[in-house]
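Listed below, chain by chain, are the residues.
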Amino acid sequence: PKKSRWMGFLARGVLWTTVVSLTIAVIFYSYELFNHGTDPHLVAWFSAGAFVLMGFPISMWAIVSHLANYNQPHVQVYIVRILWMVP
């Protein structure tokens, strides 16, 4: 049990470090594109696409987690419905 708890903590740490790093990278890269004369609509498309690519796996992970631990169906059914809006 102690090793499992440690692995869960480590997995969450890696997940959030990755999400924060990717968010900072997208913002920085968009800023660099804008400063080098790229059309603003292309910068917006790049940013939107990058955040979609980050949001899809996070949403799918949350949906699978809720369905695997379906303890309160009267509440979780609404949560899963909301999470399905992302993909």
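Everything below is about the structure shown above.
In this report, the structure presented in the accompanying data block is examined.

Parameters at a glance
- Residues numbered from 1 in each chain as written.
- Predicted model: local features only at pLDDT ≥ 70, side-chain atom pairs only at ≥ 80, totals over all residues.
- Heavy atoms only, no water.
- Helix = DSSP H or I, 4+ residues; strand = E, 2+ residues; numbered from the N terminus.
- Rg over C-alpha atoms; globule rule 2.2 N^0.38 Å.
- Buried < 20%, exposed > 50% of the residue type's maximum accessible area, 1.4 Å probe, protein only.
- Contact = heavy atoms within 4.5 Å.
- Areas by Shrake-Rupley, 256 points an atom, 1.4 Å probe, with all protein chains shown as cover.
- Expected span 1.5 Å × (residues − 1).
- Phe/Tyr/Trp six-rings, centres within 6.5 Å; stacked < 30°, edge-to-face > 60°.
- Patch = residues over 30% accessible without salt bridge, like charges linked within 9 Å, V, L, I, M, F, W, Y side chains within 5 Å.
- Salt bridge = Lys/Arg side-chain N within 4 Å of Asp/Glu carboxyl O.
- Axes fitted to C-alpha atoms, helices over the stretch in contact; angles between N-to-C directions.
- Parallel < 35°, antiparallel > 145°, perpendicular 65-115°, else oblique.
- Left-handed = near helix turned anticlockwise from the far one by under 90°.

### Considerations on the overall build of the chain
Phase 1: A tally of helices and strands in the chain yields three helices and zero strands.
Phase 2: The helix and strand sequence of the chain, counted from the amino end, reads α-α-α.
Phase 3: Rg of the C-alpha trace for the chain: 17 Å, well past the compact-globule value of 12 Å for 87 residues, more than 25% over.
Phase 4: Based on the C-alpha atoms only, the size of the chain along its principal axes is roughly 50 × 30 × 10 Å.
Phase 5: By the burial criterion, 16% of the 87 residues in the chain qualify as buried.
Phase 6: In the chain, 41% of the contacts between residues at least 6 apart in sequence involve partners at least 24 apart.
Phase 7: Counting only carbon and sulfur atoms, one obtains 74% of the accessible surface of the chain, whose full area is about 7,100 Å².

### Brief notes about helix α2 (residues 40-68)
Phase 1: Taking 1.5 Å of rise per residue, 29 residues should cover 42 Å, and α2 covers 42 Å from first to last C-alpha, within 8% of that figure.
Phase 2: Residues of α2 that are buried: Val43, Ser47, Ala50, Met54, Ser59, Ala62 and Ile63.

### Notes on the packing of aromatic side chains
Phase 1: A complete count under the given rule lists one aromatic pair for this structure.
Phase 2: Plain terms: the ring middles of tyrosine 29 and phenylalanine 46 are 5.0 Å apart, the flat faces sit at 65° to each other, and that makes the pair edge-to-face. A residue pair is termed long-range when its members are at least 10 positions apart, and tyrosine 29 in helix α1 (residues 2-35) and phenylalanine 46 in helix α2 qualify at 17 residues.
Phase 3: Given a relative accessible area of 43%, tyrosine 29 falls into the partly exposed group.

### So, a nonpolar patch on the surface
Phase 1: A contiguous nonpolar patch, built from Trp6, Met7, Phe9, Leu10 and Val14 and spanning about 540 Å² of accessible area, is present on the exposed surface.
Phase 2: In this fold, valine 14 is placed in helix α1.

### A few points about the packing of α2 against helix α3 (residues 73-83)
Phase 1: It is at 10 Å that the axes of α2 and α3 come closest, and there the two elements cross at 160°. In terms of axis orientation, α2 runs roughly antiparallel to α3. The crossing of α2 and α3 is left-handed. In this structure, α2 contributes Ser59, Ala62, Ile63, His66 and Leu67 to the contact, and α3 contributes Gln76, Ile79, Val80 and Leu83.

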